[in-house]
Amino acid sequence: MKKAILYVNQFFGQIGGEDKADFAPEIRDGQVGPAIEFAKGLDAEITHTIICGDNYIGSNTDEAVAAILDMLKDKEMDLFIAGPAFQAGRYGVACGTICKAVKESRDIPVVTSMNNENPGVEMFKKDMYILKGGNIASRMRKDVKVMTALCNKLLNGEEVGCADDEGYFGRGIRRQVWLKEPVPASQRMVDMLVKKLNGEPFETELPIPELDRVEIAPAVKDLKKARIALVTTGGIVPVDNPDRIQSASATRWGRYNIETADGLKGGEYKTIHAGFDPGAADADPNVITPVDALKVLLKEGVYGSLHPYFYSTVGTGTTQAEAQRMANEMVPYLQEDNVDAVIMVST
Amino acid sequence: MRLELGNFHVRDIAFGDTLAFQDGLLTINKEAALAYIREDDRITEAGLYIARPGDNIRMCPVKEAIEPRVRPDGRSIFPGYEGELAQAGDGVTYALKDCSVLVVGRHWGGFQDGLIDMNGEGQKYTLFGELNNIVLVADTNEVFEQREQQKKNDALRRAGHKLAEYIAGCVKDLEPEETEVFELEPMIKRTSDVEKLPSVVYVMQPQSQMEEMGYNTLVYGWDMNHMVPTIMHPNEVLDGAIISGSFMPVSSKWSTYDYQNCPNIKALYAEHGKTINFLGVIMSNLNVALEQKERAALFVAQMAKTLGADGAVVAEEGYGNPDADFIGCYVALEDAGVKTVGVTNECTGRDGQSQPLVTLDEKCDAIVSCGNVSELITLPPMDTVLGELDALARDGLSGGWADDEILGPSVKADGSIIMENNAMFCGDEVCGWSVKTMKEF
Amino acid sequence: MVKEIEKAGFPIVQMCNLIPVAKTVGSNRIVPTISIPYPLGDPGTPKEEQWKVRYHRTKVALESLAIDITEQTVFKV
């Protein structure tokens, strides 16, 4: 039989209420509180229950996590569950925190549950399965049932369905699925259209996500002294593509020496970016990476100096995660060479 | 305009002595068909095969799909392209249903070519896995583009279009089993019952971003890069006015077969007079510079507004920078007071976490999503490969690669493959067939 | 990539054609280019004209790096 361990707070661990919120973490043999409810349907034996006060883990997070991971160190565990936390904010954050730590240290499935209003949702939904829970403790049975269903799929290696089907908060991963009822897009289109035209409610298949912003880096103080670097996602590479950068869905990048060049020559450089007509860039790579203009502007003293390499990869189909990784690999070279600012040319 | 499509349902296909159709069996004289194909002396080698649903056959690189059709009145089925210019969308056209002509390169593929499996796990990824296919596998003397990732595939594609008409010739003098009628009254002369209903235009954005000619979608033989949006009758799209291009990443592609059978248009027709007043088609395109995209959006919104459209559906043939055309048109229409629904596919990356469209706008609140370009697919080897499987890894197909540190090459020594959905031939079926959607996990 | 580089503290300007994409993705400094396949030089025009476009817009990009901004800014070319 597989083994699971449950984490609960001081209240559900039957220690006490608000007055016991500073309870330091303890591990109990067997099932305490909600564990008994879980045990009814779970395809694993709940061997232990961890109890920790919400204030304790909130104010002494690192110590609490370290202590709990230590308690778990020698325990066989196929699954870790926390909560359900309903709308209790400190509890929800605690569940998310400990689940994330256990997942990272033990690499086992972790599952928790909390209400939509719980701040723990926004903080942790991308890191784990958080089932959509009720807002009061009387929802315990229902929430445990839903959690158990998902836990069992994980324990039995079954495919986990999409967020809507299984009842968890979307983790920001979108995949294609075949509809159980194979309604073609043309019919879905007409249905959505007629509803929208008649002012009736409809559900879009592509909810527009919220956009993520970065703090504006302060401007260069004196351009005439500034060291500039050139980066491109237009796929400009030497004609033999020595770094074998892919034409789409790139995971590789290259840096190419432009210290002595007056510009890039067709026949020496080309573009490998699929998805647009390469003719112009192959004939004159400067139309994407304006090395020639940068060299002239340098001579004219418009800026201080040019970093001797340009950095190149391909933008089409490349995942945001890979693009982030590649950028983070390029950054140390720029830092090492005291680059002050960067020009990125995209296609 | 009134179009009558007379349908003949093909149950099976066989090679035989004569080109004929009887009781659902299509017989083709292979030698005669190939001799006809080889009249274009650019074709250096050609073979003809039959691929039925359930056959243990994989095809790659697939370049085009065409429904075999013929006009009893002698008009070319592709006027202005493979025949004299003439109005499409009017009169009688005969079609061989439940089958298609597929064009496969004997060796050389490219970004715009794809893969089809006729059985197993891979079968469901394309429509053509469900059809009886006449497969032309050929090579040409177009050496100039053999090693190019972007190919015009002109000789091969034209061979396919000609072959489709040639094969359908066998039903020219027969009586169709059933007839579909497509008819719309002139836009401003409709009955009061129809006028009461909300009016709708279907906005199409076929791929036309190559600036050199020979690659883009054609309308009556004209390169669609060289146009601004215009009004078309839906029957024209259904009756051979549009020829699929050879450029777009292939799961996003609308093959000629897709245009001939456009489910979105047929669905709007089915609602006409019941829930909507289907005005017609605004034929736009996809452009490569921001100003061109903005100009197209301006035209589309203006035409919709001038026609008095209450609603619009926008369908995009592509992902990546074409998303800007899609969102641009959508927003322009909404700003003009036209309630809009979009149909598209997404590119969320192999980890599923990238932004689904490269540009977004909260005004785009009604979208039908047909699939994910980035989905990773692994498939076992197949007994028969028509074409050359190595092309998937070697020739820069949109969903294949030569090597990857984690995944290895797209084509393994034993013939099994790992690829992105991006290379499934017309796989995302944005023209309306798709029974896939996108869900959050 | 632009955002990662900016997170590391480098002021960065994105030269691109699809302004709506750059804005959606979150680039702070943006300089428009003339197209996707040839951002800085239309091969359909004479070499001198291509050079003028490339020189001018690259200069605008450099100068944008030294201009203080408080929100996403598309610099005029």
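A quick note: this is a predicted structure, and the numbers were derived from the prediction, not measured. (Residues numbered from 1 in each chain as written. Chains lettered and ligands numbered in written order. Predicted model: local features only at pLDDT ≥ 70, side-chain atom pairs only at ≥ 80, totals over all residues. Heavy atoms only, no water.)

### Focus on the overall build of chain C
Then comes step 1: The helix and strand tally for chain C stands at three helices and three strands.
Then comes step 2: Counted from the first residue to the last, chain C has its helices and strands arranged as α-β-α-β-α-β.
Then comes step 3: Oriented by its inertia axes, the alpha-carbon framework of chain C measures out at about 40 × 25 × 20 Å.
Then comes step 4: Per-residue burial for chain C yields a buried fraction of 60% across its 77 residues.
Then comes step 5: When contacts within chain C are restricted to residue pairs at least 6 apart in sequence, those whose partners lie at least 24 apart make up 42%.
Then comes step 6: Accessible area for chain C stands at about 3000 Å²; split by element, carbon and sulfur atoms hold 54% of it.
Then comes step 7: Here chain C carries 10 positive and 8 negative side-chain charges, and the mean point of each set is 2 Å from the other. (Helix = DSSP H or I, 4+ residues; strand = E, 2+ residues; numbered from the N terminus. Buried < 20%, exposed > 50% of the residue type's maximum accessible area, 1.4 Å probe, protein only. Contact = heavy atoms within 4.5 Å. Areas by Shrake-Rupley, 256 points an atom, 1.4 Å probe, with all protein chains shown as cover. Lys, Arg positive; Asp, Glu negative; His and termini not counted. Charge placed at Lys NZ, Arg CZ, Asp CG, Glu CD.)

### Quick look at the interface of chain C and chain A
Then comes step 1: Of the residues lining the interface, 47 residues belong to chain C; the matching set on chain A comes to 50 residues.
Then comes step 2: Summed over both partners, the interface of chain C with chain A comes to about 4000 Å²; 70% of that surface belongs to carbon and sulfur atoms.
Then comes step 3: Looking at the side of chain C facing chain A, the largest losses of area belong to M1, F10 and L62 of chain C, adding up to 19% of the total buried there.
Then comes step 4: A salt bridge links R54 of chain C to D292 of chain A; its shortest N-O distance comes to 2.7 Å.
Then comes step 5: Linking chain C to chain A there are 16 residue pairs in polar contact (both at pLDDT 80 or more).
Then comes step 6: Looking at the side of chain C that touches chain A, the elements that each hand over two or more residues are α1 (2-7), β1 (12-16), α2 (19-25) and α3 (47-64) of chain C.
Then comes step 7: Tallying contributions element by element places α3 of chain C first for the side of chain C that touches chain A, with ten residues.
Then comes step 8: Classifying every residue of the side of chain C that touches chain A by side-chain character gives 25 nonpolar, ten polar and twelve charged.
Then comes step 9: As paired strands, strand β13 (residues 341-345) of chain A and β1 of chain C are joined by four bridges and run parallel to one another. Across the sheet, the residue bridging to M344 of chain A is Q14 of chain C, located in β1 of chain C. (Buried area = accessible area lost by both parts, 1.4 Å probe. Salt bridge = Lys/Arg side-chain N within 4 Å of Asp/Glu carboxyl O. Polar contact = N/O pair within 3.5 Å; in protein donor to acceptor, adjacent residues only side chain to side chain. Nonpolar A, V, L, I, M, F, W, Y, C, P; charged D, E, K, R; others polar. Pairing = 2+ DSSP bridges.)

### Description of the environment of G80 of chain B
All names here are of chain B.
Then comes step 1: Checked against the element boundaries, G80 lands in the loop between β7 (69-70) and β8 (91-97).
Then comes step 2: For the pair formed by G80 and I242, sequence separation is 162 residues and the distance between their alpha carbons is 9.8 Å.
Then comes step 3: Residues in contact with G80, not counting those within four places in the same chain, are L85, Y220 and G221.

### Details of helix α2 (residues 154-168) of chain B
All names here are of chain B.
Then comes step 1: In this model, α2 (15 residues) spans 21 Å end to end at C-alpha, consistent with the 21 Å of a helix rising 1.5 Å per residue.
Then comes step 2: Counting buried residues along α2, eleven of its 15 residues qualify, which places the element largely inside the surrounding structure.
Then comes step 3: Of the residues making up α2, those classed as buried are A155, L156, R157, A159, G160, H161, K162, L163, A164, I167 and A168. (Expected span 1.5 Å × (residues − 1).)

### A short note on the interface of chain A and chain B
Then comes step 1: Taken together, the contact pairs 54 residues of chain A with 70 residues of chain B.
Then comes step 2: For the pair chain A and chain B, the two sides together bury roughly 5500 Å², of which 60% comes from carbon and sulfur.
Then comes step 3: Its largest share of buried area at the contact with chain B, chain A owes to R174, Q176 and W178 of chain A, together 14% of the area lost on that side.
Then comes step 4: Here chain A is connected to chain B by six salt bridges.
Then comes step 5: For R175 of chain A, the salt bridge is made with E375 of chain B, and the minimal N-O distance between the two is 3.7 Å.
Then comes step 6: Looking at the side of chain A that touches chain B, the elements with two or more residues in it are α7 (163-166), β7 (174-178), α8 (185-197) and α11 (320-336) of chain A.
Then comes step 7: Among the elements that make up the side of chain A that touches chain B, the one with the highest residue count is α8 of chain A (ten residues).
Then comes step 8: When the residues that make up the side of chain A that touches chain B are grouped by side-chain class, the tally is 28 nonpolar, 16 polar and ten charged.

### Quick look at the sheet that holds strand β14 (residues 218-219) of chain B
Residues and elements named next belong to chain B.
Then comes step 1: Spatial strand order, β15-β14-β17: three strands in an open sheet with antiparallel pairing. At either end of the open sheet lies a strand with only one pairing partner, and these are β15 (222-223) and β17 (242-243).
Then comes step 2: As judged from the two bridges shared by β14 and β15, these two strands associate in the antiparallel manner. Bridged to L218 within β15 is D223.

### Some remarks on the packing of α8 of chain A against helix α6 (residues 263-271) of chain B
The axes of two packed helices give the description: the angle between them and the distance between them.
Then comes step 1: Taken N-terminus to C-terminus, the directions of α8 of chain A and α6 of chain B make an angle of 45°; their axes are 8 Å apart at the nearest point. Taken together, the axis directions place α8 of chain A and α6 of chain B in an arrangement best described as oblique. The crossing of α8 of chain A and α6 of chain B is right-handed. Contact residues: α8 of chain A offers A185, S186, M189, V190 and L193 of chain A, while α6 of chain B offers P263, N264, A267, L268 and E271 of chain B. (Axes fitted to C-alpha atoms, helices over the stretch in contact; angles between N-to-C directions. Parallel < 35°, antiparallel > 145°, perpendicular 65-115°, else oblique. Left-handed = near helix turned anticlockwise from the far one by under 90°.)

### Side note on the confidence of the model for chain C
Residue and element names in this part refer to chain C.
Then comes step 1: This prediction gives chain C a mean pLDDT of 93; 100% of its residues lie at or above 70.
Then comes step 2: Looking over chain C, one finds the lowest element-wise mean pLDDT in α2, namely 82, and the highest in α3, namely 97.
Then comes step 3: Here the complex is predicted with pTM 0.85, and the ipTM for its interfaces comes to 0.97. (pLDDT = per-residue confidence, 0-100.)

### Digging into the pairing of strand β10 (residues 254-257) of chain A
A regular strand carries its side chains on alternate faces of the sheet.
Residue and element names in this part refer to chain A.
Then comes step 1: Going residue by residue along β10, you find G254 and Y256 tucked away on one face and R255 and N257 left uncovered on the opposite face.
Then comes step 2: Bridge count for β10 against strand β12 (residues 305-312) is four bridges, and the pairing is antiparallel. Note on β12: the bridge partner recorded for G254 is S312.

### Things to note about the side chain of K151 of chain B
Residue and element names in this part refer to chain B.
Then comes step 1: With respect to the helices, strands and loops of the structure, K151 is situated in the loop between β11 (132-140) and α2.
Then comes step 2: Look at K151: it is buried, it has no salt bridge, and the nearest opposite charge is D395 at 5.3 Å.
Then comes step 3: Among the polar contacts made by the side chain of K151, one reaches the main-chain carbonyl oxygen of G109 at a distance of 2.7 Å.
Then comes step 4: Separated by 2.9 Å, the side chain of K151 and the backbone oxygen of Q146 make a polar contact.
Then comes step 5: Beyond its immediate stretch of four places on either side in the chain, K151 contacts K63, W108, G109, Q112, E145, Q146, Y215 and S246.

### A look at the packing of aromatic side chains
Then comes step 1: Counting across every chain of the model gives 21 aromatic pairs over all chains.
Then comes step 2: Pairing F11 of chain A with F12 of chain A gives two aromatic rings, centres 5.0 Å apart and planes at 90°, and the pair type is edge-to-face.
Then comes step 3: Given the relative accessible area of 14%, F12 of chain A is considered buried.
Then comes step 4: Measuring from centroid to centroid gives 5.9 Å for W254 of chain B and Y259 of chain B, while their planes differ by 85°, and the two rings are edge-to-face. Both residues of the pair, W254 of chain B and Y259 of chain B, belong to the buried class.
Then comes step 5: Among the aromatic residues, those joined into a ring-pair cluster are F11, F12, F86 and Y91 of chain A.
Then comes step 6: Lying across the ring of W178 of chain A, K124 of chain B places its NZ or CZ 4.8 Å from the centre. (Phe/Tyr/Trp six-rings, centres within 6.5 Å; stacked < 30°, edge-to-face > 60°. Lys NZ or Arg CZ within 6 Å of the ring centre and 35° of its normal.)

### Let's talk about the pattern of salt bridges
Pairing between side chains becomes possible if they bear opposite charge and their charged atoms approach one another.
Then comes step 1: All chains considered together, the criterion is met by 57 salt bridges over all chains.
Then comes step 2: The partner of E37 of chain A in a salt bridge is R141 of chain A, and the shortest N-O contact between them spans 3.6 Å. Of this pair, E37 of chain A sits in helix α1 (residues 34-39) while R141 of chain A sits in helix α6 (residues 140-155); the two residues are 104 residues apart in sequence, bridging distant segments of the chain.
Then comes step 3: Linked by salt bridges that have partners in common, D40, R42, E82, E142, D154 and R158 of chain B make up one network.

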